[in-house]
Amino acid sequence: MSNPLKTIIIGFGQISTGFSEDPEMAKHFKYATHAQVLADNEKFSLEAVVDPSDKAIEIAKSKWRIPIAVKNIEELPKSFSPEIAVIATPPDCRKEILSKLPSLKGIILEKPIGTNIKDSQKFVNECKNRGLTVQVNFWRRGDEFFQKLANGELEKMIGKPQVAFGLYGNGLKNNGSHLIDFAKMLFGNIKDISVPFNESAYLEGPIKNDVNISFSLNFSDNINVAFQPVPFKNYREVGIDIWGEKGRLALLQESLGIYYYPKSRNRGLLNEFEIASDNLIKVNPTCGMALFRLYDNLFKAIKTGENLWSTLDGAMIVDEVIHNILSEI
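Residues numbered from 1 in each chain as written. Predicted model: local features only at pLDDT ≥ 70, side-chain atom pairs only at ≥ 80, totals over all residues. Heavy atoms only, no water.

Caption draft 1: A look at the environment of Ser327. With respect to the element layout, Ser327 can be found in the segment after α9 (312–326). Exposure remark for Ser327: the relative accessible area of 48% places this residue in the partly exposed category. In this structure the side chain of Ser327 is engaged in a polar contact, spanning 2.6 Å, whose partner is the backbone oxygen of Asn324. (Helix = DSSP H or I, 4+ residues; strand = E, 2+ residues; numbered from the N terminus. Buried < 20%, exposed > 50% of the residue type's maximum accessible area, 1.4 Å probe, protein only. Polar contact = N/O pair within 3.5 Å; in protein donor to acceptor, adjacent residues only side chain to side chain.)

Okay, structure coming up:
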């Protein structure tokens, strides 16, 4: 493709390259990392990596053949003017990164936006002042099947949702933020936040001092979603189980397990109904292409003005929800 967008990755850790080494993940996710997407997506040209780790620099050079690999932004060649930045650093240095990359047109941003709500808002304001197009990597928004659910397929399958249950682990700002955004994608605007059991909170996850806590969100159609953390030292889960008026849909096993349970005649009482929880129908997941599709959507947003799927304003709402949850501790 002519004139692909010049791209730089800042922070070359797990989500940028590390997960591509996991053989189990490779079975299900064709594109688990930014480097994998950028290696195959002709709309972008990955030309530089910035990371303070010697190991990360070596991987960038030897495995991905990236021409420029340096430990800090100041070492970049003065002639290099990136148009896209993939920002996968801890959130405490992001506004400084923006100030050092004046040529940017767009960003792929890892969550959370900032270390606190004030810093998040400063970053959002700076991006808007510069007219940057920012796609936040809430990757479920790029999942083809999940988009169909959000656009009417969910109600078609199970009727109007009545109640849902979410499970997450490894941090509220980490996986918890993904699940909050996913629920917002499926159910709309959040009306109320409740934190009934703050004494059960515990620290766990890759983000420093990240909390795992029980909470519930009430959405605009009076759909209540209760979220519960599970320690990843036992097993992993980031998923949501939705009970509608005429069926149940469970999106579990970190979106790899999608199970539909229809409504059926109750086996214990005449003229009553039940959800056939022992008669599930499996739905093939489409999550392996979600990250790739987010990049395509960013490209179209920059070139043609197409609406972004995972906006900075939407991510800011998630940051505000997390701020309100943490204020209850």
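Having seen it, we continue.
Caption draft 2: Spatial organisation of the packing of aromatic side chains. Taken as a whole and assessed by the stated rule, the structure comprises nine aromatic pairs. Ring geometry for Tyr31 and Phe292: centres 4.8 Å apart, planes at 40°, overall tilted. Of this pair, Tyr31 sits in the loop between α1 (23–28) and α2 (34–40) while Phe292 sits in helix α8 (residues 290–304), and the two are 261 residues apart along the sequence. Relative accessible area serves as the criterion here: at 13%, Phe292 is assigned to the buried category. With a centroid separation of 4.6 Å and an interplanar angle of 45°, the aromatic rings of Phe146 and Phe182 are classed as tilted. Of the two residues, Phe146 is situated in helix α6 (residues 144–158) and Phe182 in helix α7 (residues 172–187); the sequence distance between them amounts to 36 residues. Here Phe182 falls in the buried class, since its relative accessible area comes to 2%. Ring pairing ties together the aromatic residues Phe44, Tyr295 and Phe299, which thus form one cluster. In this arrangement the basic side chain of Arg248 is found over the ring face of Tyr261, its NZ or CZ atom lying 4.2 Å from the centre. (Phe/Tyr/Trp six-rings, centres within 6.5 Å; stacked < 30°, edge-to-face > 60°. Lys NZ or Arg CZ within 6 Å of the ring centre and 35° of its normal.)

Caption draft 3: Region of the structure containing the sheet that holds strand β4 (residues 84–87). With respect to topology, six strands assemble into an open sheet ordered β3-β2-β1-β4-β5-β6, the strand pairing being parallel. Either end of the sheet is taken by a strand with one partner, and the two such strands are β3 (68–70) and β6 (133–136). Each adjacent strand pair in this sheet contributes to an overall mean axis angle of 20°, direction not counted. Judged from the six bridges that link them, strand β1 (residues 5–10) and strand β2 (residues 44–50) form a sheet pairing that is parallel. Counted as the bridge partner of Ile10 is Val50 from β2. (Pairing = 2+ DSSP bridges. Axes fitted to C-alpha atoms, helices over the stretch in contact; angles between N-to-C directions.)

Caption draft 4: Examining the pattern of salt bridges more closely. The full count for this structure, using the stated rule, is 15 salt bridges. Where Arg141 meets Asp181, a salt bridge forms, and the shortest distance between an N and an O atom there is 2.7 Å. One end of the pair, Arg141, is in the loop between β6 and α6; the other, Asp181, is in helix α7, with 40 residues separating them in the sequence. Grouping residues by exposure puts Arg141 and Asp181 together as buried. One salt bridge connects Arg248 with Asp241, and the closest N-O pair in it is separated by 2.9 Å. By relative accessible area, which is 13% here, Asp241 ends up buried. Bridged by salt links that share partners, the residues Glu74, Glu96 and Lys100 form one connected network. (Salt bridge = Lys/Arg side-chain N within 4 Å of Asp/Glu carboxyl O.)

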